[in-house]
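Residues per chain, in single letters:
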Amino acid sequence: MCGIVGYVGEKQALEVVVSGLRRLEYRGYDSAGVAVVADGTIQTRKKAGKLANLEALLGEDPLPDSTTGIGHTRWATHGAPNDVNAHPHVSSNSRVAIIHNGIIENFAELRQELADAGVPLSSETDSEVVAHLLAAALPACGGDLPEAMRAVCRRLDGAFTLVAIDADQPDLLVGARRNSPLVVGLGEGENFLASDVAAFIAHTRRALELGQDQVVVLTRGC
Ligand code: GLU
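Quantities reported herein were computed from a predicted structural model and do not represent experimental measurements.

Asker: Explain the site of the ligand to me, please; I cannot follow it from the model alone.
Answerer: Around the ligand, a shell composed of 14 residues is seen, among which Cys2, Arg74, Thr77, Gly102 and Asp126 lie nearest. In this structure, arginine 74 approaches the ligand through a side-chain N or O atom, which is 2.6 Å from an oxygen atom. A distance of 2.8 Å separates a nitrogen atom of the ligand from a polar backbone atom of glycine 102. Alone, the ligand offers 300 Å² of accessible surface; in the complex the protein occludes 98% of this.

Asker: Looking at this structure, how should I read the layout of surface pockets?
Answerer: Over the atoms rolls a probe the size of a water molecule, and in doing so it shows where empty space is left. In this structure, the largest pocket occupies an estimated 250 Å³ of space. Residue lining of the largest pocket: 19 residues in total, with Cys2, Trp75, Thr77, Asn101 and Gly102 positioned closest to the centre. Of all the secondary-structure elements, those providing two or more residues to the lining of the largest pocket are strand S4 (68-74) and strand S6 (96-104). When residues in the lining of the largest pocket are grouped by element, the largest group, 3 residues, is from S6. Residues of the lining of the largest pocket, tallied by class, amount to 5 nonpolar, 11 polar and 3 charged.

Asker: Any chance you could explain the sheet that holds strand S7 (residues 158-166) here in plain terms?
Answerer: By way of backbone hydrogen bonds, the strands of a sheet pair with one another, either parallel or antiparallel. An order of S5-S6-S7-S8-S12 is seen for the 5 strands of this open sheet, with the pairing classed as antiparallel. Edge positions in the open sheet fall to strand S5 (89-90) and strand S12 (215-218), since each of these has one partner strand only. Alignment of S5 against S6, held across 2 bridges, turns out to be antiparallel. Bridged to histidine 89 within S6 is isoleucine 98.

Asker: Help me understand the pattern of salt bridges in this model?
Answerer: Where charged atoms of side chains with opposite charge meet at close range, the side chains can pair. Within this structure, the stated rule accounts for 12 salt bridges. Put simply, glutamate 190 and lysine 11 hold a salt bridge, and the shortest N to O gap is 2.9 Å. Of this pair, glutamate 190 sits in the loop between strand S9 (183-186) and strand S10 (191-194) while lysine 11 sits in the loop between strand S1 (3-8) and helix H1 (13-23); the two residues are 179 residues apart in sequence, bridging distant segments of the chain. According to the relative accessible area criterion, glutamate 190 is buried, its value standing at 7%. Of the residues examined, lysine 11 reaches a relative accessible area of 35% and is grouped as partly exposed. Taking the shortest distance from any N to any O, the salt bridge between arginine 95 and aspartate 168 comes out at 3.3 Å. Placement of the pair is arginine 95 in the loop between S5 and S6 and aspartate 168 in the loop between S7 and strand S8 (169-178), with a sequence separation of 73 residues. By sharing partners, the salt bridges in this structure join Arg22, Glu25 and Glu55 into a single network.

Rules of the game
- Residues numbered from 1 in each chain as written.
- Predicted model: local features only at pLDDT ≥ 70, side-chain atom pairs only at ≥ 80, totals over all residues.
- Heavy atoms only, no water.
- Near = heavy atom within 4 Å.
- Polar contact = N/O pair within 3.5 Å; in protein donor to acceptor, adjacent residues only side chain to side chain.
- Areas by Shrake-Rupley, 256 points an atom, 1.4 Å probe, with all protein chains shown as cover.
- 1 Å grid on protein atoms, 1.4 Å probe; cavity = no way out; pocket = protein on both sides within 12 Å on 5 of 7 lines; lining within 4 Å.
- Points joined across faces, edges and corners; volume = space filled by probe spheres on them.
- Helix = DSSP H or I, 4+ residues; strand = E, 2+ residues; numbered from the N terminus.
- Nonpolar A, V, L, I, M, F, W, Y, C, P; charged D, E, K, R; others polar.
- Pairing = 2+ DSSP bridges.
- Salt bridge = Lys/Arg side-chain N within 4 Å of Asp/Glu carboxyl O.
- Buried < 20%, exposed > 50% of the residue type's maximum accessible area, 1.4 Å probe, protein only.

This is the structure we're talking about:
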């Protein structure tokens, strides 16, 4: 099993996310990665192996300050456990980053559709398609990330927990799930998403499980 953490609030997102991933280490994983929204861009760091490898990379090549971020520990199902296949995955237009737990069963046809449309795929994962599909859906949804997430989820077969961030909407976290857990943590001026409440219990005890096929939208305040 693997882990997901998302944060939006007033603290440094990276610190919250990495400490959350640390609390999910017991679940097992083969690689780890983080993404933050900063200055209208998404920036990621990803590394195969233990969380300590990612932390070493972050020490050598720090991420900018940010109060919105996501993190993932991966248990590879599609594609080798290497740096490129580690999550988060970013859309080819650099607007959206996603993390995913589970398996997208119809990923092959979705990859083919994207390839036919000229979208470059950079990993071997089933997950990466979601980033590109979200970016493609956004214009038709008026730039509304939750609406784009709903539209994309309708196209996915399989089990998934997904969390997405958008370079153009820096104080926004969007999550979705089907047959895979996602817990929402409600704090004061900050909110959390995680695959397990252990990831954010140090910050808030107000938690609820997202319902099947639901999409959740979190900002700092709600
Ligand atoms: N199927 C995805 C992958 O192989 C996600 C695996 C996971 O749940 O960590 O990258």
